[in-house]
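What the coordinates show
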Amino acid sequence: DDQALMDNYGPFLDILPVATQKAMGGNIYNHRHFWIMLFSTLLFLFTGLTAQKMAGWRAGLIALILITIHPRIFAESFNNPKDPTFAAGYICAIYFILCFIKELPRPSWKMTVYLALGVGSALISRIGGLLILPYLALFLALEVFTNKEMKETLLGNKENALRDLIVKLAVVGVGGFLLGILFWPKALVAPFSHPFKALTTHSQFPIYIKTLFEGKWMFSNEVPKYYILKYFLISSPEIVLIGFGIGLVLLKKMISEFGLNRIALVLFISAFPLLYVWKKGSFFYTGWRHSYFMFIGITIFAALAFEFIFRKYQDKVKYGVMALLVVGVFLPIRFMAANHPNYYVYFNTLSGGIEKNYGDYEIDYYHHSLNSAAIWMEKNLPGVFKDTSINIVSNAPWSFLQDIKRFDEKRWGMN
């Protein structure tokens, strides 16, 4: 009901579960989990497909694995209607930009429609999807001006190629924008002003929450500029960080192998939004969930680095890197198995895990572990939630109340 949320976010992924629940019945939370999970699946799929488009199916498979085994992103893809779903729309649009550019100088109408859908899929979750349009213009120009033949075809307007491209770009921009605001009432009322106002609002969201960072409680507008980067380094799988580091060392050779434009794209989609929020002095809290989309490019870049090694180095090196990948993938999977279903509290072993970071950084900011606590209490203290003489204290009373209601529906007035 918060006005800032209603005004500044598209509610499409809140509308869908209500619609299916009204049509089919059942628990609204199950419908929400289903639709959020289904949409978020596009994040994993299109991260893999983007790497595949750049460097083949092996690179695509590596990227798919690296993004899927990220405990925080995987966990929130079940219940967070904004951050993983926006990241999903973001990478869908990036993938279709690659496909659209590959079809130059005359992209097909089919790919034009797909790209418009990609832009719209990013916008329906968050207005930051507007970034896709300048991305498209930038990398389209880069592709044209680094390809002499294509430059002559388009700028010479041979067979009306330039006019055809302009028309299709207009369809992408207008179509994607209209699709993105179709279920956003505030934007429908003022389509030429409100989305841009929301973009400014998102840079400094008008909700101040206290957050724990580096052992200190601070408001979200007081966190240091390196907040996101620090969280990424301490709570991302080690194998992604190692892959990214290898890529930086091999950057010049990777550019020769995969092309400057592709490497530039995959790094830019992570670097630009990070630099943008630093410049704007944006507010952050509860981990780095708002910024998952920024690090998709880093994951893809890490996958390309491993792919490059498999292509160019001798067997001993390749087998060593393969062993590194297996161990690196195993570590976060082991954590997820041990902490099911509370994956999103993950901190990597390089940072010391939860044990080292407890008390310095927020751990269970959604209070999910209260559910496990409620189940443990009912199992080991039977009837504890029915005994009105017992006081139960929690640092998150509202959340805990939702978890214990099911043990005594009559007492808590449940249907």
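For the structure given in this document, a descriptive report is provided here. Since this is a predicted model, take the numbers as computed values, not measurements.

When helices and strands are counted, the chain shows 21 helices and two strands. Against the compact-globule benchmark of 22 Å for 415 residues, the chain has a radius of gyration of 23 Å, which places it among compact chains. Along the longest, intermediate and shortest principal axes, the C-alpha atoms of the chain span 85 × 60 × 40 Å. Counting every position in the chain, which comprises 415 residues, the buried fraction comes to 49%. Pairs at least 24 residues apart make up 72% of the contacts formed inside the chain by residues separated by at least 6 positions. For the chain, the exposed surface amounts to about 20400 Å²; the carbon and sulfur share of it is 64%. Of the charged side chains in the chain, 39 are positive and 27 negative; the average position of the first set lies 6 Å away from that of the second.

This brings us to unusual backbone geometry. The peptide bond linking Leu 104 to Pro 105 adopts the cis configuration, its omega dihedral lying at 10°. You can see Pro 105 is positioned in the loop between helix 6 (83-102) and helix 7 (109-123). Note that the residue after His 340, namely Pro 341, is joined by a cis bond; omega there is 0°. Of note, Pro 341 is situated in the loop between helix 18 (315-338) and helix 19 (353-357). If you check the backbone angles, Glu 214 has positive phi at about 55° while not being a glycine. Inspection of the secondary structure assignment puts Glu 214 in the loop between strand 1 (210-213) and strand 2 (216-219). Positive phi, close to 65°, is recorded for His 367, a residue that is not glycine.

Together, Ile 15, Leu 182 and Phe 183 make up a nonpolar patch on the protein surface, roughly 250 Å² of accessible area in all. Note that Ile 15 resides in helix 2 (residues 12-24).

Below, the discussion takes up the packing of aromatic side chains. Counted by the stated rule, this structure contains 37 aromatic pairs. Each ring, one from Phe 46 and one from Phe 96, has its centre 5.7 Å from the other, and the planes form 55°; the classification is tilted. Highlighted residues: Phe 46 in helix 3 (residues 28-55) and Phe 96 in helix 6, separated in sequence by 50 residues. Accessibility expressed as a relative area gives 11% for Phe 46, which makes it buried. On the numbers, 5.0 Å between centres and 75° between planes, the contact of Tyr 344 with Tyr 365 is edge-to-face. Of the two residues, Tyr 344 is situated in the loop between helix 18 and helix 19 and Tyr 365 in the loop between helix 19 and helix 20 (369-380); the sequence distance between them amounts to 21 residues.

Time to look at the side chain of Thr 153. Structurally, Thr 153 can be placed in helix 9 (residues 148-155). Classification of Thr 153 by relative accessible area gives buried; the value is 17%. Here Thr 153 is in contact with Pro 105, Lys 158 and Ala 161, once residues within four sequence places are set aside.

Each value, and the rule that gives it
Residues numbered from 1 in each chain as written. Predicted model: local features only at pLDDT ≥ 70, side-chain atom pairs only at ≥ 80, totals over all residues. Heavy atoms only, no water. Helix = DSSP H or I, 4+ residues; strand = E, 2+ residues; numbered from the N terminus. Rg over C-alpha atoms; globule rule 2.2 N^0.38 Å. Buried < 20%, exposed > 50% of the residue type's maximum accessible area, 1.4 Å probe, protein only. Contact = heavy atoms within 4.5 Å. Areas by Shrake-Rupley, 256 points an atom, 1.4 Å probe, with all protein chains shown as cover. Lys, Arg positive; Asp, Glu negative; His and termini not counted. Charge placed at Lys NZ, Arg CZ, Asp CG, Glu CD. Patch = residues over 30% accessible without salt bridge, like charges linked within 9 Å, V, L, I, M, F, W, Y side chains within 5 Å. Salt bridge = Lys/Arg side-chain N within 4 Å of Asp/Glu carboxyl O. Phe/Tyr/Trp six-rings, centres within 6.5 Å; stacked < 30°, edge-to-face > 60°.

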